Every structure is written in C-alpha cells, then in structure tokens.
Amino acid sequence: MFNKKRSGLLVIILLLSITLAACGSIKDDVQGKWESVDNENLILNIKDDKVVGTYTEKVEGTTNKKIIKGKLLDEKDNYIEIKMEGITKKGKLVPNDNKLMFDELEFKKVD
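Residues numbered from 1 in each chain as written. Predicted model: local features only at pLDDT ≥ 70, side-chain atom pairs only at ≥ 80, totals over all residues. Heavy atoms only, no water.

## Examining the overall build of the chain
Each helix and strand in the chain was counted, giving two helices and eight strands. Helices (α) and strands (β) of the chain occur, in sequence order from the N terminus, as α-α-β-β-β-β-β-β-β-β. When the 111 residues of the chain are sorted by exposure, 23% land in the buried category. The long-range share in the chain, meaning contacts at least 24 apart out of those at least 6 apart in sequence, stands at 31%. Working note: accessible area of the chain is about 8400 Å², and carbon and sulfur atoms make up 54% of it. (Helix = DSSP H or I, 4+ residues; strand = E, 2+ residues; numbered from the N terminus. Buried < 20%, exposed > 50% of the residue type's maximum accessible area, 1.4 Å probe, protein only. Contact = heavy atoms within 4.5 Å. Areas by Shrake-Rupley, 256 points an atom, 1.4 Å probe, with all protein chains shown as cover.)

## Re the packing of aromatic side chains
What describes a pair of aromatic rings is the distance from one ring centre to the other and the angle between the planes of the rings. Summed over the entire model, instances satisfying the criterion amount to zero aromatic pairs. The side chain of Lys92 reaches across the aromatic face of Tyr79, ending 4.7 Å from its centre. (Phe/Tyr/Trp six-rings, centres within 6.5 Å; stacked < 30°, edge-to-face > 60°. Lys NZ or Arg CZ within 6 Å of the ring centre and 35° of its normal.)

## Description of the pairing of strand S3 (residues 50-59)
Pairing of strand S2 (residues 42-47) with S3 involves six bridges; the strand directions are antiparallel. By the bridge assignment, Ile46 is partnered in S3 with Val51. Pairing geometry for S3 and strand S4 (residues 62-75), over ten bridges, is antiparallel. Bridge pairing links Gly53 to Ile68 in S4. Joining the antiparallel neighbours S3 and S4 is a turn of two residues, in which Glu60 adopts a positive phi near 50 degrees. (Pairing = 2+ DSSP bridges.)

## Some thoughts on the sheet that holds strand S8 (residues 105-109)
Within a beta sheet, neighbouring strands are joined by backbone hydrogen bonds and run either parallel or antiparallel to one another. Judged by pairing direction, the barrel is antiparallel, and its eight strands sit side by side in the order S1-S2-S3-S4-S5-S6-S7-S8 before closing back on the first. Geometrically, the sheet is characterised by an average inter-axis angle of 30 degrees between neighbouring strands, direction not taken into account. Here three bridges tie strand S5 (residues 80-84) to strand S6 (residues 91-96), and the two strands are oriented antiparallel to one another. Bridge assignment links Ile82 to a residue of S6, and that residue is Gly91. (Axes fitted to C-alpha atoms, helices over the stretch in contact; angles between N-to-C directions.)

Here it is, written out as structure tokens:
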C-alpha cells in the first residue's frame, strides 16, 4: 500500500512538472524583434527585460532615427507591463501567436 501511494505521488509530481515546463512565460513570448503592422519604420527589439524602440523617418533625403528605451516590468495574467523612457504611464504588451499588441499598436514578429 505504501508503494502505491509513493507511485501515485510520483505520477502527480511528474505530470505537474511536465505541465509547468510546457507553459512559457509572457516575458519569453515577447522576446525578439517586432515590426509595427501600420508603420514598418517602427521596430521594437526586446531582449531579457530591456526594450529598444526605433523609429526611422526620411525627410527631404535625410534619414532621422529616433530611439527610445524601456524596460519590462510585472507579468500579469495575459500581458506584461512595460515602462518606456519619457512616457509617464506604463504600457501593456500582449502577445498572441506571432502578433504583439503594445496598447493599441499591433506588431508582427520579424525574427
């Protein structure tokens, strides 16, 4: 009887560990390079907890590149909070398949 309990407990632990290993975090899901669906000149690069937003525009033959940095914050149920330099309010990153929503902006995965 003791062996049956031990075997049952072992099976439960094994199933739980497999389930937890299969579930990735939102932080893992948002890693990589993302391009805005509406504006291909707007790119988000996310590595670990660092975020770099790059916007490139051409004006009269001159290319201007603007960079804003940010940081991933707290992970919630279906999104992760993000804080960008110079912006007072926190944003939300919501991954969905190969899409990423940054508040109302939609991004697609490019690598």
